[in-house]
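# Coordinate inspection notes
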Amino acid sequence: MIERRAIKRIPINRAAQLSFSEISGPHPCMVRDISALGACISAPYYIFASEFVLSFDGHSGIFICRVAWRKETLCGVCFLLHRRSPKLANDSSNHTNVVRLDHQIVCCRRRP
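Every value quoted in this text rests on a predicted model; they were computed, and no experiment measured them.

### Quick look at the side chain of H27
Note that H27 resides in strand β2 (residues 27-34). What makes H27 buried here is its relative accessible area of 18%. Within the structure, H27 has its side chain in polar contact with the backbone oxygen of G25 (distance 3.2 Å). Excluding residues that lie within four positions of it along the chain, H27 makes contacts with A16, Q17, L18, F20 and Y45.

The following block contains the structure:
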């Protein structure tokens with residue numbers, strides 16, 4: 001068989017959960033192998049959805065997946081980039097990214 005993947009996948013055989021937008025609750029699956037770009041997933045059911053969320057740790061860290069191929073209860077997925085909405089400049093909920101200017105800074109350059 002000819003390998004067509006850009007990056008070699010690492011076999012992990014690890015239990016995970018899938019979440020679908022149309023169906024409530026997490027659904028069990030097994031991640032057979034994984035790479036930085038995608039994974040091979042098996043489930044006890046046929047996965048009809050074309051996009052879903054994959055999680056290993058109770059949805060505190062997630063992968064948004066798009067199905068690339070299907071064969072019975074096995075499917076190959078590619079990971080999609082997930083962009084977070086930008087934070088407002090005056091959002092003080094996260095103090096690590098806030099810069100406060102309490103007074104005016106005046107910079108003067110002397111010419112030689």
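### Quick look at the state of the cysteines
The final tally for this structure, using the stated rule, is 0 disulfides. Left unpaired, C65 is separated from the closest cysteine sulfur, that of C78, by 8.1 Å. The cysteine C75 is free of any disulfide, with C40 supplying the nearest cysteine sulfur at 7.2 Å.

### As for the environment of F56
Relative to the helices and strands, F56 is located in the loop between β4 (51-55) and β5 (62-71). Sequence separation of F56 and M30 is 26 residues, and the distance between their C-alpha atoms is 9.7 Å.

### Some words on the packing of aromatic side chains
Per the counting criterion, the structure on display carries 4 aromatic pairs. Relative to F48, the ring of Y46 lies with its centre 4.7 Å away and its plane at 65 degrees, an arrangement referred to as edge-to-face. These aromatic residues form a ring-pair network of at least three members: F56, F63 and F79.

Criteria and cut-off values
- Residues numbered from 1 in each chain as written.
- Predicted model: local features only at pLDDT ≥ 70, side-chain atom pairs only at ≥ 80, totals over all residues.
- Heavy atoms only, no water.
- Helix = DSSP H or I, 4+ residues; strand = E, 2+ residues; numbered from the N terminus.
- Buried < 20%, exposed > 50% of the residue type's maximum accessible area, 1.4 Å probe, protein only.
- Polar contact = N/O pair within 3.5 Å; in protein donor to acceptor, adjacent residues only side chain to side chain.
- Contact = heavy atoms within 4.5 Å.
- Disulfide = S-S within 2.5 Å.
- Phe/Tyr/Trp six-rings, centres within 6.5 Å; stacked < 30°, edge-to-face > 60°.

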